[in-house]
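# Tertiary structure, described
The chain contents come next:
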Amino acid sequence: MNPRPPKPPAPAVPPPPAERLRTALPTLVRWPNLLIMLLCLALVRAGLLLPELPPATALLNPRFGALVLAALLVAAGGYIINDYYDIKIDAINRPDRLVIGRVVHRRKAMLAHLLLSGVGVLLAGWLHPVLGAVTLGTALLLWGYSARFKRVALVGNVSIATLTAALVLLPELQLQLERNDSNSVVWPYALAAFLLTVVREVLKDVEDMRGDAQHGCRTLPLVVGVAQTKWVAGIFLGCLALLTLGATGNMFVSGHWPLGTWLTVLVLLPMAQLTRLLIRADRRRHFKHLSAWCKGIMLAGVLSMTLAGGVG
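All values reported here derive from a predicted model rather than from experimental measurement.

### Some words on the packing of aromatic side chains
Taken as a whole, this structure holds three aromatic pairs when the rule is applied. Taken together, the ring pairs in this structure connect Tyr-84, Tyr-85 and Trp-143 into an aromatic cluster. In this arrangement the basic side chain of Arg-106 is found over the ring face of Tyr-84, its NZ or CZ atom lying 4.3 Å from the centre.

In structure tokens form, the structure reads like this:
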């Protein structure tokens, strides 16, 4: 007797739509980035603005909670609209992260963006008209970045860097409006966030050149080349290094040794390594690695706010 032929493997059954949406939604709204934003807002308020208060008292404030929620809603909406306009580019650069058009219908994605951004703007406007105006400007800038600015050399990079700096300043703006109080310590952090974000966004443009080139983008590396783009990133990184060196030296001179040591070991030394890697980078995977270094340095800078209370 001839043995029976083996049964063909059963075709893989795709998960139901609800399950696919549940697993894809965190990717769509970039939940790790939202957590870093939440951490940044919390540390600005508790570490820089209100260090004299217990952290729970500073953070468990309903109006501050509403501001944080508004900022995160607008940011989540911004990530959705960015992916909405980048379907074809992401299919080349990041096919594993493609959600819109594969799991979420484009119309539903647009509706989600409008709902999240609209609720965020209304919530901020309920807190104060100025906060509402700032949040509305943020939502519009995110739309403009996704639809047009990111495809223009340096314009998109500076747009995102400006939004990052604005996020750092947002809790201070709320306190200014409520108390007519300001804190100068926040501004160096905002400037540092701006400079480091420009560096990271420029490096990401090099990483994404292949998809950008096929869809008519005019990002910096496509306009001036990779070598000149590295020089631009190096200039912004040099400005950040000077700012951080000045702040670190001031911390040691004024006796704030814990913060000075933190900035030296966890910010300045990684920046020196980032510079070395930037000089040697010439492959896509190198620039992806550099982008990860930027994220690590930014996280170290955010966490340094825990030591910056009372510095002014």
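### Let's talk about the environment of Trp-231
Inspection of the secondary structure puts Trp-231 in helix 12 (residues 226–253). By relative accessible area, which is 62% here, Trp-231 ends up exposed. Here the alpha-carbon distance between Trp-231 and Leu-278, two residues 47 residues apart in the chain, equals 9.3 Å.

### Examining a nonpolar patch on the surface
A contiguous nonpolar patch, built from Trp-31, Leu-35 and Leu-38 and spanning about 300 Å² of accessible area, is present on the exposed surface. Structurally, the position occupied by Leu-35 is in helix 2 (residues 31–49).

### Quick notes on the packing of helix 12 against helix 13 (residues 257–280)
It is the contact of helix 12 with helix 13, at a shortest axis distance of 10 Å, that shows an interaxial angle of 165 degrees. With respect to helix 13, the element helix 12 is oriented roughly antiparallel. Classified by chirality, the crossing of helix 13 by helix 12 is left-handed. Here the residues of the contact of helix 12 with helix 13 are counted per class, giving 16 nonpolar, seven polar and two charged.

### Brief notes about the side chain of Ser-291
Mapped onto the elements of the fold, Ser-291 is located in helix 14 (residues 284–303). With relative accessibility at 6%, the residue Ser-291 sits in the buried group. In this view, Ser-291 contacts Arg-200, Lys-204 and Glu-207; residues no more than four positions away in its chain are not counted.

### A look at the environment of Ser-146
Structurally, the position occupied by Ser-146 is in helix 7 (residues 129–147). Note: C-alpha distance between Ser-146 and Asn-82 (64 residues apart in sequence) is 4.7 Å. Setting aside residues no more than four positions away along its own chain, Ser-146 makes contact with Gly-78, Ile-81, Asn-82, Tyr-85 and Arg-151. From its side chain, Ser-146 meets the backbone oxygen of Leu-142 in a polar contact 2.9 Å long.

### A look at the nonpolar core
Buried together is how nonpolar side chains tend to be arranged in soluble globular proteins. Val-44, Leu-48, Val-168, Tyr-189, Leu-203 and Leu-290 are the most contacted members of the largest nonpolar core, which totals 46 residues. Residue assignment for this core shows that the elements contributing at least two residues are helix 2, helix 8 (155–179), helix 9 (186–207), helix 12, helix 13 and helix 14. Sort the elements by how many residues they give to this core and helix 9 lands first, with eleven residues.

### Structural notes on unusual backbone geometry
Unlike most non-glycine residues, Leu-154 shows phi in positive territory, near 70 degrees. With respect to the helices and strands, the residue Leu-154 is situated in the loop between helix 7 and helix 8.

### Here's the deal with the pattern of salt bridges
The full count for this structure, using the stated rule, is five salt bridges. The salt bridge involving Arg-200 is made with Glu-201; its shortest N-O contact spans 3.9 Å. For the pair shown, Arg-200 and Glu-201 are each scored as buried. Members of the salt-bridge network, linked through shared partners, are Arg-200, Glu-201 and Lys-204.

### Remarks on the environment of Val-44
Relative to the elements of secondary structure, Val-44 occurs in helix 2. Since its relative accessible area comes to 0%, Val-44 is described here as buried. As for Val-44 and Pro-171, which are separated by 127 residues in sequence, their C-alpha atoms are 6.9 Å apart. Setting aside chain neighbours within four positions, we find Val-44 in contact with Leu-49, Val-168, Pro-171, Val-186 and Met-305.

### Quick word on helix 9
Relative to the 32 Å expected for 22 residues at 1.5 Å per residue, helix 9 spans 31 Å between its end C-alpha atoms, a close match to the ideal helical length. Counting buried positions along helix 9 yields 16 of 22 residues, so the element is predominantly enclosed.

### Description of the packing of helix 2 against helix 4 (residues 62–85)
The interhelical angle for the contact between helix 2 and helix 4, taken along N-to-C directions, is 150 degrees, at an axis separation of 10 Å. Here helix 4 runs roughly antiparallel to helix 2, going by the angle between their axes. Classified by chirality, the crossing of helix 4 by helix 2 is right-handed. Residues Asn-33, Leu-34, Met-37, Leu-38, Leu-41, Ala-42 and Arg-45 of helix 2 form the contact with helix 4, whose own contacting residues are Phe-64, Val-68, Ala-71, Leu-72, Ala-75, Ala-76 and Tyr-79. Residue classes in the contact of helix 2 with helix 4 are distributed as twelve nonpolar, one polar and one charged.

### Some details on helix 2
With 19 residues, helix 2 should cover 27 Å at 1.5 Å per step; its first-to-last C-alpha distance of 26 Å lies within 8% of that length. Within helix 2, burial applies to Leu-34, Met-37, Cys-40, Leu-41, Ala-42, Leu-43, Val-44, Arg-45, Ala-46, Gly-47, Leu-48 and Leu-49. The inward-facing, buried residues of helix 2 abut helix 3 (55–59), helix 4, helix 8, helix 9 and helix 14.

About the cut-offs
Residues numbered from 1 in each chain as written. Predicted model: local features only at pLDDT ≥ 70, side-chain atom pairs only at ≥ 80, totals over all residues. Heavy atoms only, no water. Phe/Tyr/Trp six-rings, centres within 6.5 Å; stacked < 30°, edge-to-face > 60°. Lys NZ or Arg CZ within 6 Å of the ring centre and 35° of its normal. Helix = DSSP H or I, 4+ residues; strand = E, 2+ residues; numbered from the N terminus. Buried < 20%, exposed > 50% of the residue type's maximum accessible area, 1.4 Å probe, protein only. Patch = residues over 30% accessible without salt bridge, like charges linked within 9 Å, V, L, I, M, F, W, Y side chains within 5 Å. Areas by Shrake-Rupley, 256 points an atom, 1.4 Å probe, with all protein chains shown as cover. Salt bridge = Lys/Arg side-chain N within 4 Å of Asp/Glu carboxyl O. Axes fitted to C-alpha atoms, helices over the stretch in contact; angles between N-to-C directions. Parallel < 35°, antiparallel > 145°, perpendicular 65-115°, else oblique. Left-handed = near helix turned anticlockwise from the far one by under 90°. Nonpolar A, V, L, I, M, F, W, Y, C, P; charged D, E, K, R; others polar. Contact = heavy atoms within 4.5 Å. Polar contact = N/O pair within 3.5 Å; in protein donor to acceptor, adjacent residues only side chain to side chain. Core = buried A, V, L, I, M, F, W, Y, C linked by side-chain atoms within 4.5 Å. Expected span 1.5 Å × (residues − 1).

Purely spatial values, then, with no claim about function.
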